[in-house]
Amino acid sequence: MNKTVIIIGGGIGGLFSACLLCKEGYKPIIMEQHGKIGGGLHCFERYGELFESGIHFVSGFEEKGPLRKLFSYLNLLDKIHLKTLDKHGFDIIQIGSEKFNIGIGKENFIRIFSKSFPEESQHIREYIDVLYTICDHIPLFNLQPISDVNYLTEDALIPVGQFINKYIKDEKLQKILAWNNPLYGGNEEQTPVYIHAIITKFYIEGASRFIGGSQHVADAMATMIIHMGGEIHLNKEIVNIEVDNKKITKVIAKDGSEYKADYYISDIHPSLLMDLIHTENIQKAYRERLKQLKNTYSSFLVYVKFKPNHFPYLNHNYYYYNNYDMIWNTINYHLDDFPSGFILMTSPSKNQGKYANKAIVHCIMRYENFQQWENTYIGKRGLAYESFKKEIENKIIDKVNEVFPNFEASIDKVFSGSPLTIRDYLRSKDGSLYGYKKIYETIFQTRILPRTKIENLFLTGQNINLHGILGVPLSAIITVGIIIGDVNYLINKINNNQ
Ligand SMILES: Cc1cc2nc3c(=O)[nH]c(=O)nc-3n(C[C@H](O)[C@H](O)[C@H](O)COP(=O)(O)OP(=O)(O)OC[C@H]3O[C@@H](n4cnc5c(N)ncnc54)[C@H](O)[C@@H]3O)c2cc1C
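Residues numbered from 1 in each chain as written. Predicted model: local features only at pLDDT ≥ 70, side-chain atom pairs only at ≥ 80, totals over all residues. Heavy atoms only, no water.

J.: Which parts of the structure should I look at to understand the packing of helix 4 (residues 121–136) against helix 7 (residues 193–206)?
T.: The angle between the axes and the distance between the axes are what describe a pair of packed helices. One can describe the packing of helix 4 onto helix 7 by two numbers: an axis separation of 9 Å at closest approach and a directional angle of 100°. Comparing their axes, helix 7 and helix 4 come out roughly perpendicular. Residues Tyr127, Ile128, Leu131, Tyr132, Ile134, Cys135 and Asp136 of helix 4 form the contact with helix 7, whose own contacting residues are Val193, Tyr194, His196, Ala197, Ile198, Thr200, Lys201, Ile204 and Glu205. Residues that form the contact of helix 4 with helix 7 fall into these classes: eleven nonpolar, two polar and three charged. (Axes fitted to C-alpha atoms, helices over the stretch in contact; angles between N-to-C directions. Helix = DSSP H or I, 4+ residues; strand = E, 2+ residues; numbered from the N terminus. Parallel < 35°, antiparallel > 145°, perpendicular 65-115°, else oblique. Contact = heavy atoms within 4.5 Å. Nonpolar A, V, L, I, M, F, W, Y, C, P; charged D, E, K, R; others polar.)

As structure tokens, then:
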């Protein structure tokens, strides 16, 4: 009989783990607290439009890209609908009144920046060459066999700001090259350069968006799982995990139902997982560490449905910063001046034409601004919360309108999500966008290993390796590789599409 694996959480990590397990002849059983599968891939409907919750733009589907390889291996590539962003400006950055484009492809990236900063042309090339080399030396990100899960070298661990400044002399350019730090919760003095390198290279290689929303990706994976004999249980919040003699004996859902399997994978935040397991088999020091590690910051999201034929579809992400000092500091705002920056993204629909149907505006925000309502739940947070949320939403609309003067007039419907919305829908810790914060000095404390002291419990998801549509599937490969007994066997199989 097939070995069974209960997966707690049907997000990106849970779905990829389940698909990989199916291919190895295991029977995955996903328990998802939400009524819809997907986690970060989940899209929700409002005013007749599908809006993204946690994946706005992606990459890795270009020729030899890691996600192209992975989806090909799962026989799902033809189910994924993608729109590549503008080659000569997949990201447009506006700082005050100055604008810069980020181009797809390494040479294109160098060429575009060298035009604006001709005296730095050679430095830009050196910078990007070293950045690519850092990525090339991390085997997992190239789907190459790994000799150790602690695969990071010292070069990859210096603070990102120090790394950029080592190669680039122009102070403006030093800041511009950090434009994408909100995509990884970056801090100039703390984030190890390998994270910046991976995210930067990943998007330069092939920035794109899922057409019609990411839900179709989750649905394609769910169909594969069911087709191959797995199970998906929705509205099944796991609230208790029973352990005996260093092994999980069963998991218990909120509705009282109980489930047993040979193995268990947790795709939820490790700190939240600790609240579900009460056993002395997990040492106090390990629990404390998982509880006390800092998480990345949160965000405030404004969702807009546009009036027909009003606001252009932008085939790029638009980053705005008030000034150069804000690039590393969007999180250090004063509420009176909020927001000091934003990212505007229009999502492509099927048969996307000249005009956008919808957009999301993403502004980095501290959880503490909403903390006074942390003991409330969706839809029942009270008038004071609603009014504060509206105030923030209006501030953001005003800011976007300064940059795009027809933005406000183009809005048909608008609503928003606070850090508490993110916390409660995605069950993320304190509304954190990307899980544990990675700090170069303490990096080995934030590297959570998939194996646990409970023999049949394994961890996956964004906290194991790296967040996002690249990091989380790679975590799933490691987790499943450990369960089947050979990580490199699985990596080689995916790489060679066997
Ligand atoms: C607003 C926002 C925007 C983002 N934008 C991007 C982007 O554009 N590109 C990108 O690559 N990344 C982006 N990310 C990051 C990305 O969404 C995450 O890194 C990714 O979703 C993490 O995957 P995961 O499997 O670890 O967790 P998730 O995908 O969140 O899955 C965890 C799942 O567990 C379920 N769950 C939790 N507790 C329980 C329980 N007790 N019982 C049962 N089920 C439970 C949850 O409902 C959820 O479905 C964004 C994140 C946020 C919040």
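J.: Sorry if this is basic, but what is going on with the environment of Gly96 here?
T.: Relative to the elements of secondary structure, Gly96 occurs in the loop between strand 6 (91–95) and strand 7 (98–102). Separated by 67 residues in the primary sequence, Gly96 and Ile29 have C-alpha atoms spaced 50 Å apart. In this structure, Gly96 is in contact with Tyr320, Tyr321, Asn322 and Asn323, ignoring residues within four places of it in sequence.

J.: Any chance you could explain the sheet that holds strand 13 (residues 263–266) here in plain terms?
T.: The strands making up a sheet associate through hydrogen bonds between their backbones, and the pairing can be parallel or antiparallel. Strand order in the open sheet formed by five strands is 9-2-1-13-19, with parallel pairing between adjacent strands. Of all strands in the sheet, those with a lone pairing partner are strand 9 (231–233) and strand 19 (457–459), marking the two edges. Adjacent strand axes in the sheet meet at a mean angle of 20° when their direction is disregarded. Across three bridges, the pairing between strand 13 and strand 19 is parallel. Following the sheet pairing, Tyr264 is matched in strand 19 by Leu457. Lying on the sheet, helix 15 (residues 468–484) is in contact with strand 13 and strand 19; it crosses strand 19 at an angle near 155°. (Pairing = 2+ DSSP bridges.)

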